[in-house]
Amino acid sequence: MKVLKFGGTSVKNAENISKVIDIVRSEIAREEVLVVVSAFGGITNLLIETATKAAAGDETYKMLFNQISDAHAQVIEQMLSGDVRTECEAYIVEQLSNFKDILHGLFLLRELSVRSLDLVSSFGERLSAYIIAQAFTAKGIPAQYLDARDVIKTDKTFGAAKVNFDKTNELISSKVITSNILWIATGFIASTEDDETITLGRGGSDYSGAIFARALHASILEIWTDVDGMMTADPRKVKKAYPISHITYSEAMELSHFGAKVLEPRTVIPAMAIGIPVLIKNTFNPSAPGTLITAELGNTAHRVQGISSIDDISLITVQGSGMIGEAGISMRLFRAIAKDAINVILITQGSSEHSITFAVLPKDAVRAVELLRQEFELEIKTNLIDDIKAEHNLAIVSAVGEHMKNIPGVSGRFFNALGINGINVHAIAQGASELNISAVITGTDTRKALNALHESFFLSNTKTINVFVVGTGVIGGELLKQIEAQHATLVLQSNIDVKVVGISNIDGYLIDEEGIDLLNWELEIKKSGKKPNISAFVNEMKALNLRNSVFVDNTASYDVADRYEEILEKSISVVTPNKVANASEFSRYSKIHTLAAETGARFYYETNVGAGLPVINTLKDLIKSGDEIIKIEAILSGSLNFIFSNCSSQNDFLSTVKLAREKGYTEPDPKIDLSGKDVARKILILSREIGCTFNLEDVQVENCLSEQSQATSTVDELWKTLEAYDNAIYAKKLQEAEAAGKRIKYIATYEQGKAKTEIKMIDASHPFYNVMGSDNIISFTTARYRTQPLIVIGPGAGAAVTAAGVFADIIRIGNF
């Protein structure tokens with residue numbers, strides 16, 4: 001014989017009950033079956049709410065009673081007819097009349113005891129099981145209603161009864177085995193030795209199924225629900241969760257204890273006692289294989305079988321110097337809270353014996369603290385134990401799996417996944433059996449933690465990077481094209497899924513946790529985007545709290561750069577070509593870099609200098625390897641190098657500047673480039689990588705413009721002054737350079753703790769002599785590269801190469 005238990009969603013309405021009948025019909029053709037059912041979906045909560053209102057003197061309980069009556073009447077009307085319907089309606093009317101009388105009594109007494117609540121709650125299963133038995137009969141499958149109160153006997157712990165298995169096994173065996181009939185039994189309910197109605201606690205219908213299975217020595221216990229089995233994580237929080245094919249009894253108990261809602265934890269115990277397999281199946285997808293629970297180890301491909309959580313807990317710590325070496329402290333602590341039957345979810349104690357920390361449900365926290373303060377009153381007064389307080393709004397995340405045993409690296413992976421996502425751990429627990437690792441974290445980080453852990457243990461071949469892009473101009477727009485074009489290749493070859501979940505520009509912003517379609521992002525922003533607001537965009541990004549988040553700033557905005565600190569504080573990495581932050585006051589520069597180091601977030605800015613050229617990483621590698629930087633000499637402006645490379649006796653300074661502007665090499669106002677300030681920022685950034693602490697005003701900067709051109713306020717004015725003054729200046733410089741066989745270059749230099757930018761004439765022996773167009777070149781003279789400097793050369797401007805550099809930084813985070 002096999003036992004099939006169907007949950008509330010499986011029997012919520014006539015349509016679902018018909019699915020149940022079809023499933024059972026196919027089963028009874030092969031083997032004898034006993035069916036256990038829950039109340040119709042939502043009815044138990046409605047029963048409790050109705051009784052609560054009645055006991056509070058709220059006459060709206062009558063409306064709720066009518067809802068309960070109507071829900072059952074509707075199923076009867078849709079599934080039954082003739083004499084079967086008449087008989088069923090008579091029974092249901094009788095039961096509802098009894099329930100109505102109870103409600104009236106509660107209304108008069110203004111009291112709802114646990115005993116009364118059990119009686120009220122029992123009506124859900126009593127009504128559903130009877131109707132479903134009649135529905136089977138109406139469909140040509142003779143079935144009989146079995147009130148579990150007649151066969152399951154318990155103690156008098158109302159609300160969470162303890163089963164007397166000896167008596168129960170005897171009653172079930174004599175009732176069921178001698179009768180060749182399809183029984184439809186009530187889940188959740190039982191009776192005391194005095195025949196008082198009692199319940200097995202919420203979720204008790206699963207437990208009921210296991211009780212019947214044990215008593216009947218069933219070949220298997222099938223739990224039919226609304227999901228395809230026990231999942232690797234809660235699919236409502238982890239989109240990539242998938243069903244577990246096979247787990248052990250112990251793993252199932254651990255996962256269900258730590259929040260897996262598919263199975264009530266106690267269900268496994270009766271089945272495990274005599275080795276009955278448990279199979280979790282989906283009523284709405286019966287062809288899915290489900291999850292098989294047995295004593296044998298399941299899938300050996302994963303060390304961890306599931307990630308689970310308890311969403312709302314409180315943490316209580318008892319600590320003090322008086323605890324060290326003092327025998328009996330633990331006994332007194334747990335004996336004190338046991339007085340009020342307070343359940344402890346997790347316990348951890350440091351090896352120093354200085355503290356004991358444990359987790360309880362929030363509803364128990366205040367009382368637990370009161371009891372402990374009473375128990376340790378003397379020790380608290382004499383400062384041997386600190387005042388006892390509770391931390392709230394916390395959660396527990398756990399990794400469960402018997403394959404973790406004796407295998408190094410699992411704990412490291414667990415805490416690394418949390419750490420790199422900036423998730424603070426308040427407490428840790430791991431049993432000697434190594435069956436689970438649990439960590440207490442801030443409640444708002446639960447979803448992020450579950451996704452990070454799930455990705456680490458189950459999707460380790462593919463890491464998702466959640467990208468938020470600000471600025472979609474020439475660089476940002478090109479970046480989105482590159483991400484779209486390279487996405488499939490990155491997933492296939494590098495196991496990195498770069499998912500753009502946020503885009504903000506001057507037209508507005510859009511955030512979609514599932515990912516934005518990069519082929520239609522512009523239309524999507526216009527259609528569904530919100531008004532442009534960088535504060536709102538950043539706040540929504542922080543509130544989402546996604547793991548592996550990267551904020552990409554493609555702007556030159558001071559306002560956007562001003563938000564790096566608050567972003568890094570949330571452990572969100574920052575990638576940017578924007579030089580503002582790294583060229584800001586040293587105190588702020590230092591704070592940003594310190595924040596990144598402390599939070600585990602990455603702050604990457606390779607494109608601050610040399611666009612897509614590997615300049616900053618090369619410099620960092622030299623320093624990390626112990627090399628000494630003696631001198632940096634560089635052409636760091638593609639626009640200035642283009643201008644000075646193309647300016648000649650045939651092309652005067654004005655026409656060359658205009659050409660550079662037309663090609664997009666300069667800013668719309670060329671004064672910005674010609675001031676030399678942008679180059680000064682770049683050499684400042686490189687100097688700071690070496691360890692210099694000076695600011696931008698400490699860099700000696702030569703302006704490329706005459707005083708008259710520097711004083712202009714519009715581009716048209718600039719053209720006039722360039723023609724009137726600068727053309728002559730540069731004609732003379734060019735003449736001098738050509739006469740000496742030299743070329744004019746704008747060069748930045750760092751040496752002996754100082755930085756400067758200047759116009760220089762260099763001859764053919766200089767490595768920069770042949771650097772033409774918009775190329776950049778950087779020369780590192782170091783202790784190791786003293787006679788032959790290390791040189792990096794290539795395009796130093798352009799949307800494609802800069803976007804590629806930004807993209808490379810994002811990928812580096814994916815590889816971290």
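Quick caveat, the model's predicted, so the values are computed rather than measured. (Residues numbered from 1 in each chain as written. Predicted model: local features only at pLDDT ≥ 70, side-chain atom pairs only at ≥ 80, totals over all residues. Heavy atoms only, no water.)

Quick look at the overall build of the protein
The number of helices and strands found in the protein is 28 helices and 29 strands. Its C-alpha atoms give the protein a radius of gyration of 36 Å, more than 25% over the compact-globule value 28 Å for 816 residues. Dimensions of the protein, computed from C-alpha atoms along their principal axes, come out at roughly 115 × 70 × 55 Å. Within the span of the protein, comprising 816 residues, buried residues form 54% of the whole. Contacts in the protein between residues far apart in sequence, at least 24 positions, make up 72% of those at least 6 positions apart. Surface accessibility of the protein: about 34,700 Å² in total, with carbon and sulfur atoms responsible for 49%. Between the averaged position of the 80 positive side-chain charges in the protein and that of its 99 negative side-chain charges there is a distance of 2 Å. (Helix = DSSP H or I, 4+ residues; strand = E, 2+ residues; numbered from the N terminus. Rg over C-alpha atoms; globule rule 2.2 N^0.38 Å. Buried < 20%, exposed > 50% of the residue type's maximum accessible area, 1.4 Å probe, protein only. Contact = heavy atoms within 4.5 Å. Areas by Shrake-Rupley, 256 points an atom, 1.4 Å probe, with all protein chains shown as cover. Lys, Arg positive; Asp, Glu negative; His and termini not counted. Charge placed at Lys NZ, Arg CZ, Asp CG, Glu CD.)

Observations concerning helix α14 (residues 446-458)
Turn by turn, an α-helix covers 3.6 residues, leaving residues three or four places apart pointing in a common direction. Its 13 residues place the ends of α14 17 Å apart at the C-alpha level, agreeing with the 18 Å of an ideal helix rising 1.5 Å per residue. With 12 of its 13 residues buried, α14 lies for the most part within the structure. Buried within α14 we find Thr-446, Lys-448, Ala-449, Leu-450, Asn-451, Ala-452, Leu-453, His-454, Glu-455, Ser-456, Phe-457 and Phe-458. Residues of α14 that are buried in the fold lie against β12 (306-319), β15 (389-400), α13 (410-419), β17 (436-442) and β18 (463-470). (Expected span 1.5 Å × (residues − 1).)

Some remarks on the sheet that holds β15
Ordered in space as β13-β14-β12-β15-β17-β16, the 6 strands form an open sheet in which the pairing is antiparallel. Every interior strand has two partners, whereas the edge strands, β13 (346-349) and β16 (425-430), have only one. On average, each strand axis in the sheet is tilted by 30° relative to the strand beside it, whichever way the strands run. With 9 bridges connecting them, β12 and β15 associate as antiparallel partners. Within β15, the residue paired with Ile-313 across the bridge is Leu-394. Lying on the sheet, helix α8 (residues 249-257) is in contact with β12, β15 and β17; it crosses β12 at an angle near 65°. (Pairing = 2+ DSSP bridges. Axes fitted to C-alpha atoms, helices over the stretch in contact; angles between N-to-C directions.)

A short note on the packing of aromatic side chains
Applying the stated criterion across every chain, the model contains 19 aromatic pairs. Look at Phe-6 and Trp-224: their rings are 5.8 Å apart centre to centre, the planes differ by 25°, and that puts the pair in the stacked class. Placement of Phe-6 in strand β1 (residues 2-6) and of Trp-224 in strand β8 (residues 220-225) is noted, with a sequence separation of 218 residues between them. As far as the burial class goes, Phe-6 and Trp-224 line up, both buried. Ring plane angle 90° and centroid distance 6.0 Å describe the contact between Tyr-242 and Phe-458, whose orientation is recorded as edge-to-face. You can see Tyr-242 sitting in the loop between β8 and β9 (246-248) and its partner Phe-458 sitting in helix α14, a full 216 residues away along the chain. In this structure Phe-458 comes out as buried when scored by relative accessible area, which is 8%. Through a chain of ring-to-ring contacts, the aromatic side chains of Phe-65, Phe-99 and Phe-123 assemble into a single cluster. (Phe/Tyr/Trp six-rings, centres within 6.5 Å; stacked < 30°, edge-to-face > 60°.)

So, the packing of helix α22 (residues 638-646) against helix α23 (residues 653-662)
Look at α22 against α23: their axes get within 9 Å of each other, and the N-to-C directions meet at 140°. Classed by the angle they form, the pair α22 and α23 counts as oblique. In this structure, α22 meets α23 at a crossing whose hand is right-handed. Every residue of α23 that contacts α22 at Phe-642, Ile-643, Phe-644 and Asn-646 is listed here: Phe-653, Thr-656, Val-657, Leu-659 and Ala-660. Considering only residue class, the contact of α22 with α23 consists of 7 nonpolar, 2 polar and no charged. (Parallel < 35°, antiparallel > 145°, perpendicular 65-115°, else oblique. Left-handed = near helix turned anticlockwise from the far one by under 90°. Nonpolar A, V, L, I, M, F, W, Y, C, P; charged D, E, K, R; others polar.)

Quick notes on the environment of Val-699
The topology assignment puts Val-699 in the loop between α25 (677-690) and β25 (700-701). We classify Val-699 as buried; its relative accessible area is 6%. Linking Val-699 and Lys-756, residues 57 residues apart in sequence, is a C-alpha distance of 5.3 Å. Leave out the neighbours within four places in its chain, and Val-699 touches Ala-680, Ile-683, Leu-684, Phe-694, Ala-755 and Lys-756.

Brief notes about the nonpolar core
Within the largest apolar cluster, 74 residues are counted, with the highest numbers of intra-cluster contacts made by Phe-551, Ile-632, Leu-636, Phe-644, Phe-653, Ile-683 and Leu-686. Sorting elements by how many residues they give to this core places helix α27 (residues 715-739) first, with 7 residues. Ranked by size, the runner-up nonpolar core spans 52 residues in total, among them Val-35, Phe-40, Leu-80 and Tyr-130. (Core = buried A, V, L, I, M, F, W, Y, C linked by side-chain atoms within 4.5 Å.)

Here we look at the sheet that holds strand β7 (residues 197-199)
Pairing in this open sheet of 3 strands is mixed, and the strands run β4-β6-β7 from one edge to the other. The two strands at the open ends of the sheet, each matched to only one other strand, are β4 (153-154) and β7. Direction of pairing for β4 relative to strand β6 (residues 189-192): parallel, over a ladder of 2 bridges. In the sheet register, Lys-153 faces β6, and the bridge partner there is Ser-191. The sheet contacts of helix α5 (residues 114-138) involve β6 and β7, and relative to β7 the element is tilted by about 80°.

Digging into the side chain of Asn-436
For Asn-436, the location among the structural elements is in strand β17. Within the structure, Asn-436 has its side chain in polar contact with the side chain of Glu-254 (distance 2.4 Å). Engagement of the side chain of Asn-436 in a polar contact is seen with the side chain of Ser-438, the distance being 3.1 Å. (Polar contact = N/O pair within 3.5 Å; in protein donor to acceptor, adjacent residues only side chain to side chain.)

Thoughts on the pairing of β17
Regular strands have side chains that alternate between both faces of the sheet. Counted residue by residue, β17 has 6 buried out of 7 residues, so it is predominantly covered. Bridging between β15 and β17 involves 7 bridges; their strand directions are antiparallel. By the bridge assignment for β17, Val-397 is matched with Ala-439. Pairing of β16 with β17 involves 5 bridges; the strand directions are antiparallel. When the sheet's bridge partners are listed, Ala-427 is paired in β17 with Val-440.

A few points about the environment of Lys-167
Here Lys-167 lies in helix α6 (residues 165-177). As a C-alpha pair, Lys-167 and Thr-781 span 614 residues in sequence and 89 Å in three-dimensional space. For Lys-167, the residues in contact, after removing those within four places along its chain, are Lys-153 and Glu-193.

Re unusual backbone geometry
Located in the positive-phi region is Phe-188, a residue other than glycine, with phi close to 75°. Locating Phe-188 in the fold gives a position in the loop between β5 (182-186) and β6. By relative accessible area, which is 5% here, Phe-188 ends up buried. The phi dihedral of Asn-545 is positive, around 55°, even though this residue is not glycine. Secondary-structure assignment places Asn-545 in the loop between α17 (534-544) and β21 (549-553).

Quick word on the packing of helix α2 (residues 43-55) against helix α3 (residues 61-79)
Taken N-terminus to C-terminus, the directions of α2 and α3 make an angle of 155°; their axes are 8 Å apart at the nearest point. Viewed along their axes, α2 and α3 adopt a mutual orientation that is roughly antiparallel. Of the two elements, α2 crosses α3, and the hand of that crossing is left-handed. Across the interface between the two elements, Ile-43, Leu-46, Leu-47, Glu-49, Thr-50, Lys-53 and Ala-54 of α2 pack against Tyr-61, Leu-64, Phe-65, Gln-67, Ile-68, Ala-71 and His-72 of α3. Considered class by class, the residues forming the contact of α2 with α3 number 9 nonpolar, 3 polar and 2 charged.

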